[in-house]
Amino acid sequence: MGQTSSVEARVRDLLGRMSLEEKIAQLGSVWAQALLEGGKSSREKARKFLSKGIGQITGITGSHEVNMGFEVGNAGAHAGDEVAHLYVCVVVASVSRPI
């Protein structure tokens, strides 16, 4: 399934290939600091927390500098022809909170 397919078809295809465990993992999150060892990204911690996938890595900007880097490989049964991206987003509330 490539980029010429509709978004709906691609989502249906992806969800059909994901296990229930992988789908549930998409509902979770992990603090970025939990993936670090001595201030650097840890392959062992990434395996521990991200083995089935993750919906969100939280607190990337936190109160101190975090440098992260991971190698991404296809460990599944299906060949991949897409590129994995890591997006970092700084969210600012658009609605004032009452005091």
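Placed above this text is the structure.
Report on the accompanying structure. Remember, predicted model here, so these are calculated numbers, not experimental data.

The rules behind these values
- Residues numbered from 1 in each chain as written.
- Predicted model: local features only at pLDDT ≥ 70, side-chain atom pairs only at ≥ 80, totals over all residues.
- Heavy atoms only, no water.
- Helix = DSSP H or I, 4+ residues; strand = E, 2+ residues; numbered from the N terminus.
- Buried < 20%, exposed > 50% of the residue type's maximum accessible area, 1.4 Å probe, protein only.
- Contact = heavy atoms within 4.5 Å.
- Areas by Shrake-Rupley, 256 points an atom, 1.4 Å probe, with all protein chains shown as cover.

**Quick look at the overall build of the protein**
For step 1, the next point in the chain: A count of helices and strands for the protein gives 3 helices and 4 strands.
For step 2, the next point in the chain: For the protein, the N- to C-terminal ordering of α and β elements is α-α-β-β-β-α-β.
For step 3, the next point in the chain: The buried share among the 99 residues of the protein stands at 11%.
For step 4, the next point in the chain: Considering only intrachain contacts with a sequence separation of at least 6, the fraction spanning at least 24 residues in the protein is 68%.
For step 5, the next point in the chain: Element-wise, carbon and sulfur atoms account for 55% of the exposed surface of the protein, whose accessible area totals about 8500 Å².

**Things to note about the side chain of Thr 58**
For step 1, the next point in the chain: Within the fold, Thr 58 resides in strand β4 (residues 56–58).
For step 2, the next point in the chain: Taking relative accessible area as the criterion, Thr 58 reaches 18% and is therefore assigned buried.
For step 3, the next point in the chain: If sequence neighbours within four positions are ignored, Thr 58 has contacts with Ser 29, Val 30, Trp 31 and Ala 32.

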